[in-house]
Amino acid sequence: MANVLTALRSNQSLKRRLLSPKTGIPLVALILVIALLTNKLDIGFSDTWEHITTLNLWWYAAAFVAHYSTFIFRGARWRVLIANAHRHGGGPPPSVAYAGRIILMGWFVNSVTWFRMGDAYRAYAYSSDTNTSFSRSMGTVMADRFVDLVVVALLITIGVGALFIGGQIVPPVFLVGVAVGAILVVGAGLAAMVLARRWVAPRLPERLREMYHRFHSGTMDSFGRMHVVFALGVAGWLSEAGRLFCVVMAVGTPVALGLVLFVPMANGLLTAVPLTPGGLGLVETGVTGLLGLELAVEAALAVALVDRSISYLSIVATGGAVFVARQVRAARRAYVSGEGEAG
């Protein structure tokens, strides 16, 4: 019984952190951003509301399907990385469905907490479910994040090129520099890990040294079958571009395909640094500003808000439900284990 009480207290503590007043700050910030846009840019909010209330529900449903298909591709990619890391032992890799579900929960945690805590939660959930090392699991998550940044950088470069070839829109070229910088950051991060293993880790206390070696191994051993990893990464991000395409069609404001590809990638780069939970305030402003290169600001804001109803609000709802279900199962397992020990 003590075990289940401990588990429940842990769950309640986590829920308090997730639902604390601090998580409401970004929502207030979002409201202020919209108010600022309305006042400073002279937005006709009634026009924005009309776009939202007259959207095509079939295209909106298609946007949902496109968005949630990303978890299939991302789950498959993480599964490949885990299988690579387990080549020298560590058990079989998880199913694609399981990996996608864990990623969905991680996105939920990212949406309601600061500093991308969902990435750490993903590693924790996987290591807890499979009785594997948290440090090694965190290494596979780190490898997944590295791959994601490189894929985003490449796709945003392609998107900028497509917009220039189309000639209708001049995209913000500085984002190509940001993309190149992201690739350099990944390279520097990997180089720093190699140097740390050689020069820093040997000087750490034994326990920390072993933890770092597992983390290093989980990260570096994940890199294999990169053609498959990158193909799945591209498919995952194209699913998000497909979501935006369906949203602009639902709102009735079609835009250049290059912009449809460019906008999700640009926001992927801009939110790589977790300034707010789930990019609240940043993503809405970014999508509105970038779509404003072709659309009226009222239509651009409508697209941004409808898009975020899927990419943020639905993640909070569905990811939160999956998260709570997992926590309940964990508490039940702890209770059964405690009963068994008492017996």
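Below or above, wherever it landed, is the structure these notes cover. (Residues numbered from 1 in each chain as written. Predicted model: local features only at pLDDT ≥ 70, side-chain atom pairs only at ≥ 80, totals over all residues. Heavy atoms only, no water.)

### Here's the deal with the overall build of the protein
Part 1: Of regular secondary structure, the protein possesses 13 helices and 0 strands.
Part 2: Seen in sequence order, the protein has helices and strands lined up from the N terminus as α-α-α-α-α-α-α-α-α-α-α-α-α.
Part 3: Residues classed as buried in the protein amount to 48% of the 343 residues present.
Part 4: Residue pairs at least 24 apart in sequence account for 78% of intrachain contacts in the protein once pairs closer than 6 positions are excluded. (Helix = DSSP H or I, 4+ residues; strand = E, 2+ residues; numbered from the N terminus. Buried < 20%, exposed > 50% of the residue type's maximum accessible area, 1.4 Å probe, protein only. Contact = heavy atoms within 4.5 Å.)

### Examining the packing of helix α11 (residues 257-270) against helix α12 (residues 282-291)
Part 1: Packing of α11 against α12 brings their axes to within 10 Å, and their N-to-C directions diverge by 150°. Taken together, the axis directions place α11 and α12 in an arrangement best described as roughly antiparallel. Pair α11 / α12 crosses with right-handed handedness. For the pair α11 and α12, the contacting residues are L259, F262, V263, A266 and N267 in the first and L282, V283, G286, V287, L290 and L291 in the second.
Part 2: The class makeup of the residues in the contact of α11 with α12 is 9 nonpolar, 2 polar and no charged. (Axes fitted to C-alpha atoms, helices over the stretch in contact; angles between N-to-C directions. Parallel < 35°, antiparallel > 145°, perpendicular 65-115°, else oblique. Left-handed = near helix turned anticlockwise from the far one by under 90°. Nonpolar A, V, L, I, M, F, W, Y, C, P; charged D, E, K, R; others polar.)

### Describing the side chain of S135
Part 1: Within the secondary structure, S135 is located in helix α7 (residues 134-166).
Part 2: Overall, the relative accessible area of 9% leaves S135 in the buried class.
Part 3: Among all residues touching S135, those that are not within four sequence positions of it are M211, R214 and F215.

### Some details on α12
Because an α-helix completes one turn every 3.6 residues, residues spaced three or four positions apart along the sequence face the same direction.
Part 1: Where burial is concerned, most of α12 is hidden: 7 out of the 10 residues are buried.
Part 2: Of the residues making up α12, those classed as buried are V283, E284, G286, V287, T288, L290 and L291.

### So, the packing of α7 against helix α10 (residues 226-251)
Part 1: Direction vectors running N to C along α7 and α10 enclose 65°, while the axes themselves pass 10 Å from each other. Like other packed secondary-structure pairs, α7 and α10 cross with a definite hand, here right-handed. Contacts between α7 and α10 involve V147, D148, V150, V151, V152 and L155 on the former and, on the latter, M226, V229, F230, G233, V234 and W237.
Part 2: The residue inventory of the contact of α7 with α10, partitioned by class, reads 10 nonpolar, 1 polar and 1 charged.

### Focus on unusual backbone geometry
Part 1: The backbone phi angle of F115 is positive, close to 65°, even though this residue is not glycine.
Part 2: Here F115 lies in the loop between α5 (96-112) and α6 (117-130).
Part 3: When its relative accessible area of 62% is taken as the criterion, F115 is described as exposed.
Part 4: Phi is positive for R116, close to 50°, though the residue is something other than glycine.
Part 5: Structurally, R116 can be placed in the loop between α5 and α6.
Part 6: Judged by its relative accessible area of 23%, R116 is partly exposed.

### Some points on the pattern of salt bridges
Part 1: Inspection of every chain in the model, using the stated rule, returns 13 salt bridges.
Part 2: With its nearest N and O atoms 3.3 Å apart, the salt bridge here joins R74 to D148. Of this pair, R74 sits in helix α4 (residues 57-85) while D148 sits in helix α7, placing them 74 residues apart in sequence. Of the two residues, R74 and D148, both sit in the buried class.
Part 3: Put simply, R116 and D119 hold a salt bridge, and the shortest N to O gap is 3.1 Å.
Part 4: We classify D119 as buried; its relative accessible area is 11%.
Part 5: Linked by salt bridges that have partners in common, R74, R77, R116, D119, R122, D144, R145, D148, E240, R243 and D307 make up one network. (Salt bridge = Lys/Arg side-chain N within 4 Å of Asp/Glu carboxyl O.)

### Section: the packing of aromatic side chains
Part 1: Applying the stated criterion across every chain yields a total of 11 aromatic pairs.
Part 2: Relative to W107, the ring of F71 lies with its centre 4.8 Å away and its plane at 65°, an arrangement referred to as edge-to-face. A residue pair is termed long-range when its members are at least 10 positions apart, and F71 in helix α4 and W107 in helix α5 qualify at 36 residues.
Part 3: Among the aromatic residues, those joined into a cluster by ring pairs are Y60, F64, Y68, F71 and W107.
Part 4: The ring of W237 carries R74 above its face, with NZ or CZ at 4.8 Å from the centroid. (Phe/Tyr/Trp six-rings, centres within 6.5 Å; stacked < 30°, edge-to-face > 60°. Lys NZ or Arg CZ within 6 Å of the ring centre and 35° of its normal.)

By themselves, these are just geometric observations and shouldn't be taken as functional.
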